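Each chain, written out:
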Amino acid sequence: MATDSPADTAPGAPTVAVLGTGIMGSGMARSLLRARLPVRAWNRTHAKAEPLAAQGATVTDTAEEAVRGADVVLTALNDGPSVAETLTAATPGLRPGQVWLQSATVGLDSTAELVHRAAGLGLVYLDAPVSGTRQPAEQGTLTVFVSGPSGARATVLPVLEAIGQRTVWVGEDPGAATRLKLVANTWVINLVNGVAECLNLAEGLGLDPQLFLDAMKGGPLDTPYLQAKSAAVLSGDLSPSFALSTALKDSRLILDAAEAAGVRLDLVAASAERFGRAEAAGHGDQDMMATYYAGRPE
């Protein structure tokens, strides 16, 4: 264990290097700090990591500095290339035996590449994509899919308990958790576009969309997701809990995996096309529910 932890941290708590403090990474870092785990935080844009210092994190200037001496390295970046680039930057500070908890959704090909690089560095790679958005990350209520060597579980258990309300152990194969995450994201992506299209059609037919939501409310076809995402659109508040551009990236990863598996996903293909139109119209940085704008008359 690293020995430079602040005095108010939990006894024996692993030191965690959080690489990437965007929507998800900053939320997970705060959850780790609430659990009294020592946190070193780094982000390519230093200003995004700075607020964590006031909550007890050590904010570093480089990825190398963040990982040096850490017990667990948690990557919370946007995609495979950004994870690979960050790993390169951090490499001089890494040591064999460190546990790498890789939480970004990077797809099958990038996962295989990262597993290979981890082996070359002597790292213990845990494939650990998370299910959830801004609020669950902030509250420590994510669902974490994990696969990799079972011998690393004891080391990462305090981390997993801090960031998530549930851990789904998928097996020893480090690609298994990513495969499950792609399936889970297929459900979310199709659901959010289904909500958007219902709102589009209601408005197109001259109906108040709230009539549709009230008709569904409390019935077997209602979901909290339907109500929350619709409320975001109708209120005009599309602050990102999961950015549309990220949903587009994930859609493409799902389609790549499906093609390799010989599976045809018509709905995801249509969802990717909608996300692409909304992004081209300038909504990429908004919540993925901004796919609603792809169905409005131009």
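Quick note: structure is the one above.
Residues numbered from 1 in each chain as written. Predicted model: local features only at pLDDT ≥ 70, side-chain atom pairs only at ≥ 80, totals over all residues. Heavy atoms only, no water.

J.: Looking at this structure, how should I read the overall build of the protein chain?
T.: Of regular secondary structure, the protein chain possesses 12 helices and nine strands. Computed over its C-alpha atoms, the radius of gyration of the protein chain comes to 20 Å, within 12% of the 19 Å expected for a compact globule of 298 residues. Expressed along its principal axes, the backbone C-alpha trace of the protein chain runs to roughly 65 × 45 × 35 Å. For the protein chain, the proportion of its 298 residues judged to be buried stands at 48%. Looking at the protein chain alone, contacts between residues at least 24 apart form 66% of all its contacts between residues at least 6 apart. Averaging the locations of the 22 positively and 31 negatively charged side chains of the protein chain gives two centres separated by 3 Å. (Helix = DSSP H or I, 4+ residues; strand = E, 2+ residues; numbered from the N terminus. Rg over C-alpha atoms; globule rule 2.2 N^0.38 Å. Buried < 20%, exposed > 50% of the residue type's maximum accessible area, 1.4 Å probe, protein only. Contact = heavy atoms within 4.5 Å. Lys, Arg positive; Asp, Glu negative; His and termini not counted. Charge placed at Lys NZ, Arg CZ, Asp CG, Glu CD.)

J.: Help me understand the packing of aromatic side chains in this model?
T.: The description of two aromatic rings rests on the distance between their centres and on the angle between their planes. Taken as a whole, this structure holds two aromatic pairs when the rule is applied. Taken together, a centroid distance of 4.9 Å and an interplanar angle of 80 degrees make the contact between W100 and Y125 edge-to-face. Of this pair, W100 sits in strand β5 (residues 99-102) while Y125 sits in strand β6 (residues 124-127), placing them 25 residues apart in sequence. Of the two residues, W100 and Y125, both sit in the buried class. Between the aromatic rings of Y292 and Y293, the centroid separation amounts to 5.1 Å while the plane-to-plane angle is 70 degrees, which identifies the pairing as edge-to-face. A relative accessible area of 4% places Y292 in the buried class. (Phe/Tyr/Trp six-rings, centres within 6.5 Å; stacked < 30°, edge-to-face > 60°.)

J.: Hey, could you run me through the pattern of salt bridges in this one?
T.: Side chains that differ in charge, positive against negative, can pair when their charged atoms come close. Applying the stated criterion across every chain, the model contains nine salt bridges. With a shortest N-O distance of 2.6 Å, R264 and D266 are connected by a salt bridge. Its salt-bridge partner being R277, residue E273 comes within 2.2 Å of it at the nearest N-O pair. Taken together, the positions of E273 and R277, both in helix α12 (residues 266-283) and four residues apart, correspond to about one turn of that helix. Assessed through its relative accessible area of 43%, E273 is described here as partly exposed. (Salt bridge = Lys/Arg side-chain N within 4 Å of Asp/Glu carboxyl O.)

J.: Can you walk me through the packing of helix α4 (residues 80-90) against helix α5 (residues 107-121) in this structure?
T.: The contact between α4 and α5 brings their axes to 10 Å, and the two run at 10 degrees. Classed by the angle they form, the pair α4 and α5 counts as roughly parallel. Taken together, the residues of α5 that come into contact with α4 (itself represented by G80, V83, A84, L87 and T88) are S110, L114, R117 and L121. The residue makeup of the contact of α4 with α5, split by class, is five nonpolar, three polar and one charged. (Axes fitted to C-alpha atoms, helices over the stretch in contact; angles between N-to-C directions. Parallel < 35°, antiparallel > 145°, perpendicular 65-115°, else oblique. Nonpolar A, V, L, I, M, F, W, Y, C, P; charged D, E, K, R; others polar.)

J.: How should I be thinking about the nonpolar core in this particular structure?
T.: General note: in soluble globular proteins, nonpolar side chains tend to be found buried as a group. Ranked by internal contacts, the top residues of the largest apolar core, which has 31 residues, are V16, M28, L32 and L101. Listed by contribution, the elements that provide at least two residues to this core are β1 (16-19), α1 (23-34), β2 (39-42), β4 (72-75), β5, β8 (142-147) and α7 (153-163). Beyond its immediate stretch of four places on either side in the chain, L101 contacts V72, V73, L74, T75, L126, A128, V156, V159 and L160. The next biggest cluster of nonpolar side chains, apart from the first, holds 27 residues, and it includes A196, L213, A247 and V268. (Core = buried A, V, L, I, M, F, W, Y, C linked by side-chain atoms within 4.5 Å.)

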